[in-house]
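Results of the structural survey
The lines below spell out each chain.
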Amino acid sequence: MRPIINPRRNSLSSHGSALILPLVATEHGSSTWAEVSPAALANNLSRLQDLAGVPVMAVVKAAGYGHGLANAARAVEAAGAASCAVARVDEALALRRAGISIPVLVLGETPRSLLRQALDQAVSLTVFTRRHLQELAEVLGDALSPATVHLKVDTGMSRLGASPEAAPELLVELSRMKQVEVAGLFTHFACADSPETPSNDMQEHKFRALLEKIGAAGLRPPWVHAANSAAALTRPSARFDLVRCGIALYGIDPSDEVPLPKGFVPALTWKAKLVHVQDLPAGAGVSYGHDYITEHAERVGVVGVGYGDGYRRQPGGELLILGARVPIVGRVCMDQVMVSLDQHPEAQPGDEVVLLGPQGREAIPAEELARRWGTIPYEVLCGISARVPRELLESKRPG
Ligand SMILES: *Cc1c(COP(=O)(O)O)cnc(C)c1O
């Protein structure tokens, strides 16, 4: 698969990792990179739409879960996503700069200093306190376009949101504000990835009670939503008017308890180059601290990726080379890692190495790296550093 040449050059300098745009593949010259398949994203989006039976709001926060903010958003927009969501307003503004024109919702709180810019760019905002309404009222007079807002309700996550008791009054106030369109009302599950947890029923019950109340008062907004990927997959009753999906879109299981059904495809493969091959004598110490010492003459390869790229230092890892697993030997360095090539002496400098994803018949899924690193696949993907260029592959059906 050949990367597309993308004329949009990367500009990381002032915006940091959230705003990764695809680099021209032949230009980055990096010894490690991640390949992103728009076809896999399109495939996963359409599976989710079929399965949920309602529109999908594609969640592309945190640099598209490591896939690149613009990469992910362009792929889902082209594939017909109804809307997308980010955590922070700077991410939403970056999407507009990247030419994304579908609705974008900021799921978190937007600081007053950026409200005006958000409104001018037709970015939808989440509100949940009276202060948010006041701040909105202060900037609305000057803004070019009306505000589109979603009211967030906290039904049990104890993070952001108005209490279900406070929500109806806020809705009334919002409905009285000129130039404000209340497009949505939403909540978020704390334990959707563990479907049997009783709090899921409790949260849905609270949310439904609120919907009944506001429905009777004629205050129900057009878009009511609650489900993330795990809830969209396991809780048909919580799909409401749209589902907000992140992890499933990228082809990754929401949790061990909520595996994806057949037909989803991981969209990202993390690769590196074998940069050097050496034949070491017996008794050679490898890497910092000499944690590994060769027992006999051994062929050892140096791969151009390290913890500075987000590949963790935990010992015991494996990489794929020539379609086979090879063990990491010695400590992972900031920019390099060493592997034993005794079983694959034919490996040459320049060969492609896979850290995450498939190679030939082998694969290292994000779920496996997460288990090894004692975390969740979300953190594995978000942990791939900004210095790892993202290459958008040509659109074709996923293999
Ligand atoms: C991140 C996020 C999502 C998406 O969650 P996934 O588990 O990745 O599907 C949905 N809603 C909110 C409020 C979020 O913060």
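See above for the structure.
So, a few notes on the structure that sits alongside this text. Here, residues in each chain are numbered from 1, in the same order as that chain's written sequence. This being a predicted model, a pLDDT of at least 70 is required before a residue's local features are given, and a value of 80 or more before pairs of side-chain atoms are given or counted; all residues contribute to the totals for chains, interfaces and linings. To obtain the side-chain values, all non-hydrogen atoms of the structure were included, while hydrogens and water were left out.

Regular strands place side chains that alternate from one sheet face to the opposite one. Of all seven residues in strand β7 (residues 180-186), six are buried; the element is thus mostly enclosed. The rule for pairing is simple: two strands pair if DSSP sees at least two bridges between them. Only DSSP runs of H or I covering at least 4 residues are called helices, and only runs of E covering at least 2 are called strands; the numbering of each starts at the N terminus. Pairing between strand β6 (residues 147-152) and β7: six bridges, direction parallel. Within β7, the position partnered with His 150 by the bridge is Gly 184. With helix α8 (residues 167-176) bridging β6 and its parallel neighbour β7, the resulting β-α-β unit is right-handed. With three bridges joining them, β7 and strand β8 (residues 223-225) adopt parallel strand pairing. Each bridged residue has a counterpart across the sheet, and for Gly 184 the counterpart in β8 is Trp 223. Exposure is judged per residue with a 1.4 Å probe applied to protein chains only, and the accessible area is read against the type maximum: over 50% gives exposed, under 20% gives buried, and values in between give partly exposed. Handedness rule for crossovers: strands pointing away from the viewer, path from the first strand over the helix to the second running clockwise, crossover right-handed.

The next thing to look at is the environment of Trp 223. Relative to the helices and strands, Trp 223 resides in strand β8. Here Trp 223 falls in the partly exposed class, since its relative accessible area comes to 34%. Sequence spacing of Trp 223 and His 150 is 73 residues, and the spatial spacing of their C-alpha atoms is 8.4 Å.

Quick look at empty space enclosed by the protein now. Of the two site types, the cavity is a set of points on a 1 Å grid over the protein atoms alone where a 1.4 Å probe fits but cannot get out, and the pocket is an open set with protein on both sides within 12 Å along at least five of seven lines, each lined by residues with an atom within 4 Å of a point. Grid points are joined across faces, edges and corners, and a volume is the space filled by probe spheres set on the points. For the structure on display, the rule yields one cavity of 30 Å³ or more. Its volume calculated, the largest cavity comes out at about 60 Å³. What lines the largest cavity is simply Thr 110, Leu 115, Leu 125, Thr 126, Val 127, His 132, Glu 135 and Leu 136. When residue character is reported, Ala, Val, Leu, Ile, Met, Phe, Trp, Tyr, Cys and Pro are called nonpolar, Asp, Glu, Lys and Arg charged, and the others, Gly included, polar. A breakdown of the residues in the lining of the largest cavity according to their chemical character gives four nonpolar, three polar and one charged.

What follows concerns the site of the ligand. Whether a residue is near a molecule or strand depends on its heavy atoms: it is near if one of them lies within 4 Å of it. Taken together, 13 residues form the shell around the ligand, and within it Lys 61, Tyr 65, Ser 229, Ile 247 and Tyr 378 come nearest. Separating an oxygen atom of the ligand from a side-chain N or O atom of Tyr 378 is a distance of 2.6 Å. Using a 1.4 Å probe, the Shrake-Rupley method yields the accessible areas, and only the shown protein chains count as cover for residues. A total of 390 Å² of accessible area belongs to the ligand in isolation, and the protein chains cover 93% of it. Judged by the fraction of its atoms near the pocket grid, the ligand is located in the largest pocket. Among the elements of the structure, α3 (61-65) and β9 (243-245) are those that each provide at least two residues to the shell around the ligand. Looking at the shell around the ligand residue by residue, the class counts come to six nonpolar, four polar and three charged. A 3.5 Å cut-off defines polar contacts: any pair of N or O atoms within that distance qualifies, except that in protein one atom must be a possible hydrogen donor and the other a possible acceptor, and neighbouring residues in sequence count only when both atoms are side-chain atoms. Put plainly, a molecule is in a cavity or pocket when over half of its atoms are within 2 Å of the grid points there.

His 132, Leu 133, Glu 135, Leu 136, Val 139 and Leu 140 are the residues of helix α7 (residues 130-140) that are buried. The buried residues of α7 all sit within an arc of 165° when viewed along its axis, so they share a single face. The contact criterion used throughout is that any non-hydrogen atoms of two residues lie within 4.5 Å. As for α7, its buried residues are in contact with α6 (115-120), β5 (124-127), β6, α8 and β7. Comment: arc refers to directions from the helix axis out to C-beta atoms.

Let us now look at the pattern of salt bridges. Opposite charge on two side chains allows them to pair when their charged atoms are near. Basic side-chain nitrogens of Lys or Arg form a salt bridge, by our definition, when they fall within 4 Å of a carboxyl oxygen of Asp or Glu. What the rule picks out here adds up to 21 salt bridges. Where Arg 235 meets Glu 204, a salt bridge forms, and the shortest distance between an N and an O atom there is 2.5 Å. On the criterion of sequence distance, the pair formed by Arg 235 in the loop between α10 (229-234) and β9 and Glu 204 in helix α9 (residues 198-216) is long-range, its members being 31 residues apart. Here Arg 235 matches Glu 204 in class, with each residue buried. The closest approach of N and O atoms between Lys 271 and Glu 352, which form a salt bridge, is 2.7 Å. Linking Lys 271 in strand β10 (residues 268-280) with Glu 352 in strand β17 (residues 352-359), this pair joins segments that are 81 residues apart in sequence. Looking at Glu 352, the relative accessible area reads 35%, which means it is partly exposed. Residues participating in the shared-partner salt-bridge network are Glu 318, Arg 325, Glu 362, Glu 368 and Arg 372.

Attention now moves to the nonpolar core. What makes a nonpolar core is a set of buried Ala, Val, Leu, Ile, Met, Phe, Trp, Tyr and Cys residues whose side-chain atoms join them at distances within 4.5 Å. Formed by 119 residues in total, the largest nonpolar core has its most connected members in Leu 95, Leu 136, Val 180, Trp 270, Val 303, Tyr 311 and Leu 319. Formed by eight residues, the second largest nonpolar core is a distinct cluster that contains Val 286, Val 300, Val 302 and Val 329.

A word on the environment of Ser 229. Summarising the element assignment, Ser 229 is placed in helix α10. For the pair Ser 229 and Val 56, spaced 173 residues apart in sequence, the C-alpha to C-alpha distance is 9.9 Å. A distance of 3.3 Å separates a polar side-chain atom of Ser 229 from the backbone nitrogen of Gly 246. Polar contacts involving the side chain of Ser 229 include one to the main-chain amide nitrogen of Ile 247, which spans 3.5 Å.

Moving on to the sheet that holds strand β3 (residues 83-86). Read across the sheet, eight strands follow the order β8-β7-β6-β5-β4-β3-β2-β9 without closing on themselves; strand pairing throughout is parallel. This sheet does not close on itself; its edge strands, each paired only once, are β8 and β9. Pairs of neighbouring strands in the sheet enclose a mean axial angle of 30°, with direction left out of account. Only C-alpha atoms enter the line fits that serve as axes; for helices the fit covers just the stretch in contact. Angles between N-to-C directions range over 0 to 180 degrees. Across the sheet, α7 is in contact with β5, β6 and β7; its angle to β5 comes to roughly 145°. Seen against the sheet, α8 touches β5, β6 and β7 and runs at an angle of roughly 170° to β6.

Our next topic: the packing of aromatic side chains. In this analysis, rings of Phe, Tyr and Trp, with Trp reduced to its six-membered ring, are considered paired at centre separations within 6.5 Å, and the interplanar angle assigns stacked below 30 degrees, edge-to-face beyond 60, and tilted for intermediate values. Per the stated rule, a full pass over the model turns up five aromatic pairs. Pairing Tyr 65 with Tyr 250 gives two aromatic rings, centres 4.7 Å apart and planes at 25°, and the pair type is stacked. With a gap of 185 residues between them, Tyr 65 in helix α3 and Tyr 250 in the loop between β9 and β10 connect regions that are remote in the sequence. Judged on exposure class, the residue Tyr 65 and its partner Tyr 250 are both buried. When the ring of Tyr 65 is compared with that of Tyr 378, the centres are 6.1 Å apart and the planes differ by 40°; the resulting orientation is tilted. Of this pair, Tyr 65 sits in helix α3 while Tyr 378 sits in helix α12 (residues 377-382), and the two are 313 residues apart along the sequence. Look at Tyr 65 and you get buried, because its relative accessible area is 7%. Note on Tyr 378: relative accessible area 26%, which makes it partly exposed.

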